[in-house]
Structure formats: C-alpha cells, structure tokens
Amino acid sequence: GFEETDAEAVLVQRDVGGASTGVVTHHMDDVLAGGPGDGGKVALNLLKGELKCGSVTELGRSGKLTYIGLELERDGDQIDVHQSIYLQGLKVDGGDRSARKKVVSAVDIRQPEDGEVDLALMSVYRAMVGCLGWACNTRPRDRVWHDELCRWGHKPTARHLQAAAMVLQSMQQSNERLVLR
C-alpha cells in the first residue's frame, strides 16, 4: 500500500517493517518515482494500473537528469536534487555588491512605512519573489524567506526588493541540495 505524506502530491510505499521502498510524486502531467534499488520502478508499476502513463525516462544507478528546472543526480541508492542551473540562470539585479550588506534581517522584511511603498516595483518584485518560491522547492529551509517576502507583493518597497535579491544571490552562491536515500 501507499501512504500519503504531508508534502503535496507525494506517495510513499513502505515495506512491512516501515522502511520506505518507493516514492512517487508528480508535477502537472509528469510523474516522478524513485527509491532504493528498483523501489521507484516497482512503485510506479503498481500505479500504472490506476494511471494512464506515456513514455518513461529512467535515471539509471548513476547519472544525471534535468527535469523542469530540477537537477537529479543519482549515485547508487542516493539521489541528489538541486537547482544549480536554474539559479545560475537568474539575473538578479541587486546594485553594487560591495556597498550592500550581506545578511537579510527582520528590519529588511518588516511592514512598509508611510511613503515607502513604490508600486512601480510591483512587477519586478513579484517576479523575483516568484523565482525565489520556485527555487525553494529543493531548499525547504529557505521557504521562510519566500513566505515573508510574499506578504509585500501588493505594496513592495526598495528595501523588500533588495532583501529578495540578497536571498536569491545567497542561494546562487550555495551548493545546497536535497538528498534522497
């Protein structure tokens, strides 16, 4: 049987002892399956009776695959998921890097003060926060930045835009990834 997780659209198959033997998730009309050994293939085959499946691309015991901006690297039973290419492709305009501070604080993301809102920034701010949200798919610890910065999409300030740029630039410089075992 399968167990539905708290994560959106993820099913986990477990053996009698409770160990995960396969994981199946989807994005729009694509299904991803993985697990130790052939666990992902077994889990997907169990669902094929319930789902109409098209072509299947398989990531072997070692190799790399890029899928919707996610990079999957497999080495044996371990799969690393990251978004390095996506993040490096983002052009984050944050002004003069030498003059800017390097850490985002609560002051940077606080509520706008009178006269501070700049509606001309709305389009670029929302785009930047949207990119940040997508990048958080493989960086759950950074999700808090996205969630906080989303609050000001309807009344952005230069301070909020600079904070979003700093978070994205920090993500571009780190090599954080999800490790699935």
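This text follows the structure it describes.
Residues numbered from 1 in each chain as written. Predicted model: local features only at pLDDT ≥ 70, side-chain atom pairs only at ≥ 80, totals over all residues. Heavy atoms only, no water.

A.B. asks: Any chance you could explain the overall build of the protein chain here in plain terms?
C.D. replies: Tallying secondary structure elements over the protein chain gives five helices and eight strands in all. In the protein chain, the succession of helices and strands from N to C terminus is β-β-β-β-α-β-β-β-α-α-α-α-β. Counting all 181 residues of the protein chain, 34% fall into the buried class. Residue pairs in contact within the protein chain that sit at least 24 positions apart in sequence constitute 56% of those at least 6 positions apart. Accessible area for the protein chain stands at about 11000 Å²; split by element, carbon and sulfur atoms hold 53% of it. (Helix = DSSP H or I, 4+ residues; strand = E, 2+ residues; numbered from the N terminus. Buried < 20%, exposed > 50% of the residue type's maximum accessible area, 1.4 Å probe, protein only. Contact = heavy atoms within 4.5 Å. Areas by Shrake-Rupley, 256 points an atom, 1.4 Å probe, with all protein chains shown as cover.)

A.B. asks: Any chance you could explain the pairing of strand β5 (residues 62–67) here in plain terms?
C.D. replies: Here six bridges tie β5 to strand β6 (residues 70–75), and the two strands are oriented antiparallel to one another. Within β6, the position partnered with Tyr67 by the bridge is Leu70. In this antiparallel pair of consecutive strands, β5 and β6, the connection spans two residues, and Ile68 shows a positive phi of 45 degrees. (Pairing = 2+ DSSP bridges.)

A.B. asks: Any chance you could explain helix α5 (residues 158–173) here in plain terms?
C.D. replies: Side chains that are three or four residues apart share a direction in an α-helix, a result of its 3.6 residues per turn. When the terminal C-alpha atoms of α5 are compared, their 23 Å separation across 16 residues agrees well with the 22 Å that a helix rising 1.5 Å per residue should span. Most of α5 is tucked away: twelve of the 16 residues are buried. Of all the residues in α5, the buried ones are Arg159, His160, Leu161, Ala163, Ala164, Ala165, Met166, Val167, Leu168, Gln169, Met171 and Gln172. Where α5 is buried, its residues meet α2 (84–89), α3 (122–135) and α4 (143–150). (Expected span 1.5 Å × (residues − 1).)

A.B. asks: Teacher, can you tell me more about the pattern of salt bridges here?
C.D. replies: Note on pairing: side chains with opposite charge can pair once their charged atoms come close. Counting across every chain of the model gives seven salt bridges. Linking Arg141 and Glu176 is a salt bridge whose minimum nitrogen-to-oxygen distance equals 3.1 Å. In this pair, Arg141 is assigned in the loop between α3 and α4 and Glu176 in the loop between α5 and β8 (178–180), connecting sequence segments 35 residues apart. Given the relative accessible area of 21%, Glu176 is considered partly exposed. In this structure, the salt-bridge partner of Arg151 is Glu148, at a minimum N-O distance of 2.8 Å. Residue class for Glu148 comes out partly exposed when judged on its relative accessible area of 26%. Residues joined in a network through salt bridges with shared partners are Glu73, Asp80 and Arg177. (Salt bridge = Lys/Arg side-chain N within 4 Å of Asp/Glu carboxyl O.)

A.B. asks: Would you mind going over the sheet that holds strand β7 (residues 78–82) with me for this structure?
C.D. replies: Two modes of strand pairing occur in sheets, parallel and antiparallel, and in both the strands are linked by backbone hydrogen bonds. In spatial order, the strands read β5-β6-β7-β8; together these four strands make up an open sheet with antiparallel pairing. Two strands bound the open sheet, and with one partner strand each, they are β5 and β8. When the angles between neighbouring strand axes are averaged without regard to direction, this sheet yields 20 degrees. Two strands pair when backbone bridges link them, and β6 and β7 are joined in this way by five bridges, in the antiparallel orientation. In the sheet register, Asp75 faces β7, and the bridge partner there is Gln78. (Axes fitted to C-alpha atoms, helices over the stretch in contact; angles between N-to-C directions.)

A.B. asks: Help me understand the nonpolar core, please; the structure alone is not making it clear to me.
C.D. replies: Among soluble globular proteins, nonpolar side chains are generally buried collectively. Counting residues in hydrophobic clusters, the biggest one holds 22 residues, and the most contacted among them are Tyr125, Met128, Leu132, Leu149, Leu168 and Met171. Those elements that provide at least two residues to this core are α3 and α5. The dominant element in this core, judged by the number of residues it contributes, is α5, at eight residues. Each residue touching Met128, except ones within four places of it in the same chain, is listed here: Val92, Leu161, Ala164, Ala165 and Leu168. Formed by six residues, the second largest nonpolar core is a distinct cluster that contains Leu59, Tyr67, Ile79 and Val81. (Core = buried A, V, L, I, M, F, W, Y, C linked by side-chain atoms within 4.5 Å.)

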